[in-house]
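# Chain and residue survey
Here is how the chains run, residue by residue.
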Amino acid sequence: MSRRSWLLALLYAPLREGPPAAALVVHAQGDRLRFSAPSLRFLTGKPLERLHNGASVTFDFQLTLFAGARTARLEQSFAQFVSSYDLWEEKFSVVRLGAAARRSASHLSAAAAEAWCLDNLMLPAARLSRDKPFWVRLELREEDPKERPAEPGDPGLTLARLIEIFSRPAREQQLHLVEEAGPLRLMDLETSATAR
């Protein structure tokens with residue numbers, strides 16, 4: 001290889017080598033697992049277009065905790081968030097539905113709204129062994145507005161309804177994201193939490 005080729009190769013080589021950052025990050029907090037995903041974007045594409053057109057967009061989240069070789073499902077959690085966009089302020093608002101106490105946040109950037117949704121997800125860690133590996137799967141799906149019940153007195157979010165949503169395949173233009181983290185060990189997460 002000529003000297004010129006070496007210089008060109010160095011010029012176009014990435015400045016930082018290494019594995020890409022994990023999309024789903026798991027944190028231990030007491031007897032619960034909390035989550036963040038700095039690179040996960042869901043307020044984009046068609047959902048963002050709908051928001052900019054004044055519609056609200058509902059996102060369904062499913063978290064699953066696996067042990068063993070990802071065969072034993074230990075815990076599962078569902079959550080539903082409704083996002084809206086203020087055209088004048090160019091900021092997002094998010095409401096978590098179905099929680100014991102309805103939670104909401106407003107005046108958020110897209111990244112802050114996405115982070116707020118993930119920060120309001122958790123799984124119990126009581127059934128985890130401190131030194132055994134486990135995995136977490138996050139599945140996120142944009143709700144199809146045509147499939148949302150619109151009857152008076154509709155109870156909205158129910159466990160049966162969310163199970164039904166995630167059991168059917170996503171439609172072609174429907175946003176559907178899946179992220180996994182693992183293998184992880186609770187003792188490692190606890191150590192990194194105390195080191196911070």
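Look up a bit, the structure's there.
The text that follows walks through the structure, step by step, so that each part is easy to find. Computed from a prediction, not measured in an experiment: that's the story for all the values here.

The nonpolar side chains of a soluble globular protein tend to be buried, and buried together. If you look at the biggest cluster of nonpolar residues, it comprises 40 residues, and the most contacted ones within it are L33, F35, F61, L121 and V136. A per-element tally of this core places strand β3 (residues 57-67) first, with 6 residues. Setting aside anything within four residues of it in sequence, one finds V136 in contact with L24, V26, L33, F35, L63, T64, L65, L123, E179, E180 and A181.

What follows is about the sheet that holds strand β1 (residues 25-29). Strand order across the open sheet formed by 3 strands is β1-β2-β7, with antiparallel pairing between neighbours. Across the chains shown, the open sheet's two edge strands, defined by having one partner strand only, are β1 and β7 (122-124). Looking at each pair of strands side by side, their axes are set apart by 30° on average, direction ignored. In this structure, strand β2 (residues 32-36) lies alongside β7, joined through 3 bridges in antiparallel fashion.

Take the pattern of salt bridges next. Inspection of the entire model under this criterion finds 6 salt bridges. The residue D119 makes a salt bridge to R34 at a minimum N-O spacing of 3.6 Å. Placement of the pair is D119 in helix α3 (residues 110-119) and R34 in strand β2, with a sequence separation of 85 residues. Among the residues examined, R34 registers a relative accessible area of 17% and is labelled buried. Its salt-bridge partner being E142, residue R50 comes within 2.4 Å of it at the nearest N-O pair. You can see R50 sitting in helix α2 (residues 45-52) and its partner E142 sitting in strand β8 (residues 134-142), a full 92 residues away along the chain.

Criteria and thresholds
- Residues numbered from 1 in each chain as written.
- Predicted model: local features only at pLDDT ≥ 70, side-chain atom pairs only at ≥ 80, totals over all residues.
- Heavy atoms only, no water.
- Core = buried A, V, L, I, M, F, W, Y, C linked by side-chain atoms within 4.5 Å.
- Buried < 20%, exposed > 50% of the residue type's maximum accessible area, 1.4 Å probe, protein only.
- Helix = DSSP H or I, 4+ residues; strand = E, 2+ residues; numbered from the N terminus.
- Contact = heavy atoms within 4.5 Å.
- Pairing = 2+ DSSP bridges.
- Axes fitted to C-alpha atoms, helices over the stretch in contact; angles between N-to-C directions.
- Salt bridge = Lys/Arg side-chain N within 4 Å of Asp/Glu carboxyl O.

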